[in-house]
Every structure is written in structure tokens, then in C-alpha cells.
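Survey of secondary and tertiary structure
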Protein chains: 2
Amino acid sequence: MCTLVRRIKVHHMRASAMADDVRLGVGLNVRRCRLAAGLTQASLAERMGVDRSYVSGLERGHRNPTVLTLWHLAEVLNVRVRDLVDGL
Amino acid sequence: MCTLVRRIKVHHMRASAMADDVRLGVGLNVRRCRLAAGLTQASLAERMGVDRSYVSGLERGHRNPTVLTLWHLAEVLNVRVRDLVDGL
DNA sequence: GTGTGACTACAAGTCCGTA
DNA sequence: ATACGGACTTGTAGTCACA
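Because the structure is predicted, anything quoted here is derived from the model rather than measured.

This part takes up the UniProt feature "domain: HTH cro/C1-type" (unreviewed entry) in chain A. What UniProt calls "domain: HTH cro/C1-type" (unreviewed entry) maps, in this numbering, to residues 30–84 of chain A. Secondary structure content for residues 30–84 of chain A is 69% helix and 0% strand, and the end C-alpha separation is 6 Å.

Here you go:
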């Protein structure tokens, strides 16, 4: 499981900090694309067919979305998935 | 463009077929990058700290990895996450 | 218009094996 | 060296009421 990942992957940084960075990076990308599209969290959530609170948690880096979720986001935001993982 | 065509066709396809396309797309990208790095599934799995059977299922499009998993893959494969979501 | 904790269902990911 | 499966634990998806 992920405990193994931690043991192996800790080179110079703390594993939990890296994980947070990744999630927050995606969250900020989502927020940037959402605002660029002129959408509120509520309207984005409605177009995706998910709850607004999920979008909220996502943008704040509290969620670790799957590639399927990223793809749904990209569709609604009219961007590529790669734009949502920018900086990673 | 391919992505645009896909986005249009989406309205006429079953949702599960789209999901399969996304998962398989990631799987093929992973396989391509892994072979380019000269790694076996076993060595990739070991370096990531995940089970080898997971890598197998991933490359065959049977898995829906999270962004954290994609990031771990990218690190070990020495590529960017965007390279793993190429074509999406 | 957004942040948050608690919640259930189901998928992510493990560990064992087979071929 | 890889595909594939079963049974298992952990975590994500997705929701809700309330701040």
C-alpha cells in the first residue's frame, strides 16, 4: 500500500507534504480554469452532475481525484486533462 | 482534432465506453513510458512501492488511477504527469 | 458564493495464487 | 516477464446540513 510508497519515495521531502502539493496543485489548476470559464463552483458542479461541496474540496486540495474525474472536469471546463495537471 | 471529435461523439456513446477509453489511454501511455525507460512491470512496481499486479491492470485499462498515483508513476518514469494523460 | 465534517457505497490498491 | 483472478483493506466518489 501507500505505506510502502512513503518508505521508498522519501528522498529529501516529507511524503505527506508532497502529496498535499500534488492535490493542491490540481485544485489550483481547476480553480484557475473554472474562473477563466466564468463559472461558480455551483455552476461547475451542476454541469458535471456532482455536488458543489465536492468541487469546493477539490479546489482546496482536500481531494485526490481519479483520472476519470479529471477527464469529466476537463470536458465541462473545455480544457485538456493536461491543463489540470499543469506543473506536475 | 481528435479530442474534439471525441467530445462530440460522446453524446452518442455509452458512458462506460468513454470511461474505458480514458482508462485505456492512460494505460497505454504508462506502458509506452515504462518501455521507453527500459523497465519491467515488476521493476516499475518496486520503484513505485506498489504491487506488480496493479501495474498490470493499470496498463490494460482496468484501473482508474488517482492523480497521486499518476504523480508517483511520473516520478519513477522520469516524465511529467501531462505525458501520462496525453491524448486526453 | 463558499468551507467543512460526517456519512454510505463502491472503487483503488494489496496480497495471495494460477497459468 | 506478463495476464488474470479472488479475497481483502483502505480511500475516493459523491451527498447533506450547517456554518
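On we go.
This part takes up the packing of helix 3 (residues 41–48) of chain A against helix 5 (residues 67–77) of chain A. Residues and elements named next belong to chain A. It is at 10 Å that the axes of helix 3 and helix 5 come closest, and there the two elements cross at 110°. In terms of their interaxial angle, helix 3 and helix 5 are classed as roughly perpendicular. In this structure, helix 3 crosses over helix 5, and the sense of that crossing is right-handed. Judged by residue contacts, Leu 44, Arg 47 and Met 48 of helix 3 engage Thr 69, His 72, Leu 73, Val 76 and Leu 77 from helix 5. Here the residues of the contact of helix 3 with helix 5 are counted per class, giving 5 nonpolar, 2 polar and 1 charged.

Further remarks concern the protein's contact with DNA strand D. Residues in close proximity to DNA strand D total 19 residues, the closest being Asp51(A), Ser53(A), Arg31(B), Gln41(B) and Arg60(B). Close to the protein, within 4 Å, the atoms of DNA strand D belong to sugar or phosphate groups at a rate of 62%. Residue Tyr54(A) places a side-chain N or O atom 3.1 Å away from a phosphate oxygen belonging to DNA strand D. Within the side chain of Arg52(B), one N or O atom sits 3.4 Å away from a base nitrogen of DNA strand D. Broken down by secondary-structure element, the contributors of at least two residues to the surface near DNA strand D are helix 4 (52–59) of chain A together with helix 2 (15–36) and helix 4 (52–59) of chain B. In the surface near DNA strand D, the residues fall into 4 nonpolar, 9 polar and 6 charged.

Our focus in this paragraph is the pattern of salt bridges. On inspection of all chains with the given rule, the structure shows 7 salt bridges over all chains. Linking Asp83(A) and Arg80(A) is a salt bridge whose minimum nitrogen-to-oxygen distance equals 3.9 Å. Here Asp83(A) falls in the partly exposed class, since its relative accessible area comes to 25%. Accessibility expressed as a relative area gives 37% for Arg80(A), which makes it partly exposed. Between Arg23(B) and Asp20(B) there is a salt bridge; the shortest N-O distance is 2.7 Å. You can see Arg23(B) and its partner Asp20(B) sitting in helix 2, 3 residues apart, about one turn around the helix. One salt-bridge network, held together by shared partners, links Arg31(A), Arg34(A) and Glu59(A).

Quick notes on the rules
Residues numbered from 1 in each chain as written. Chains lettered and ligands numbered in written order. Predicted model: local features only at pLDDT ≥ 70, side-chain atom pairs only at ≥ 80, totals over all residues. Heavy atoms only, no water. UniProt positions renumbered as here; feature names shortened; annotations may be inferred. Helix = DSSP H or I, 4+ residues; strand = E, 2+ residues; numbered from the N terminus. Axes fitted to C-alpha atoms, helices over the stretch in contact; angles between N-to-C directions. Parallel < 35°, antiparallel > 145°, perpendicular 65-115°, else oblique. Left-handed = near helix turned anticlockwise from the far one by under 90°. Contact = heavy atoms within 4.5 Å. Nonpolar A, V, L, I, M, F, W, Y, C, P; charged D, E, K, R; others polar. Near = heavy atom within 4 Å. Polar contact = N/O pair within 3.5 Å; in protein donor to acceptor, adjacent residues only side chain to side chain. Salt bridge = Lys/Arg side-chain N within 4 Å of Asp/Glu carboxyl O. Buried < 20%, exposed > 50% of the residue type's maximum accessible area, 1.4 Å probe, protein only.

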